[in-house]
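# Coordinate analysis (summary)
If you want the building blocks of each chain, they are given just below.
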Amino acid sequence: QVQLVESGGGLVQPGGSLRLSCAASGFTFSSYAMSWYRQAPGKKRELVATITSAGGSTNYADSVEGRFTISRDNAKNTVYLQMNSLKPEDTAVYYCNANRNYAKVKYDYWGQGTQVTVSS
């Protein structure tokens, strides 16, 4: 059974930091690219950051470039999102995503989300 379980969300003041974690199970984690998405109330879900299966390449949304860092530990089947210099506009539910294209089949798994609220 595939599971992606996010943790680490919460309430933080502007300028603060949080580290999100996503623990994966039920699939070959090291074969999947991993991403973090977020969805704010009334807005579409947006891609925040992506890391390749071996961790050799990362990409970020312009809005978080230089403030957020995505990383992964394939030995622990876990992906992280370090969020620094948080702003109120970073408030959203953050979702972990695993994806892979193999033999013309797209595999796409989602976590349940964790709430991040940036407010004074």
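Residues numbered from 1 in each chain as written. Predicted model: local features only at pLDDT ≥ 70, side-chain atom pairs only at ≥ 80, totals over all residues. Heavy atoms only, no water.

Using the criterion set out here, one finds 1 disulfide in the structure. With a sulfur-sulfur separation of 2.1 Å, C22 is cross-linked through a disulfide to C96. Sign of the S-S torsion, about -80° for the bond between C22 and C96, identifies this disulfide as left-handed. Of this pair, C22 sits in strand 3 (residues 18–25) while C96 sits in strand 9 (residues 92–102), and the two are 74 residues apart along the sequence. The residues C22 and C96 share a single accessibility class, namely buried. (Disulfide = S-S within 2.5 Å. Helix = DSSP H or I, 4+ residues; strand = E, 2+ residues; numbered from the N terminus. Buried < 20%, exposed > 50% of the residue type's maximum accessible area, 1.4 Å probe, protein only.)

Counting through the fold element by element, M34 comes out in strand 4 (residues 33–39). Judged by relative accessible area, M34 falls into the buried class, the value being 0%. Each C-alpha atom, one on M34 and one on Y80, is 9.6 Å from the other, the two residues being 46 residues apart in sequence. The contacts of M34, once residues within four sequence positions are left out, are L4, F29, A49, T50, I51, I70, R72, V79, C96, N97 and A98. (Contact = heavy atoms within 4.5 Å.)

The next point concerns the nonpolar core. When a protein is soluble and globular, its nonpolar side chains tend to lie buried together. If you look at the biggest cluster of nonpolar residues, it comprises 30 residues, and the most contacted ones within it are M34, W36, V79, L81, M83 and Y94. Put simply, the parts of the chain that give this core at least two residues each are strand 3, strand 4, strand 5 (46–51), strand 7 (68–73), strand 8 (78–83), strand 9 and strand 11 (114–118). Filtering out sequence-adjacent residues up to four positions away, M83 remains in contact with G16, S17, L18, L20, R67, F68, Y94 and V116. (Core = buried A, V, L, I, M, F, W, Y, C linked by side-chain atoms within 4.5 Å.)

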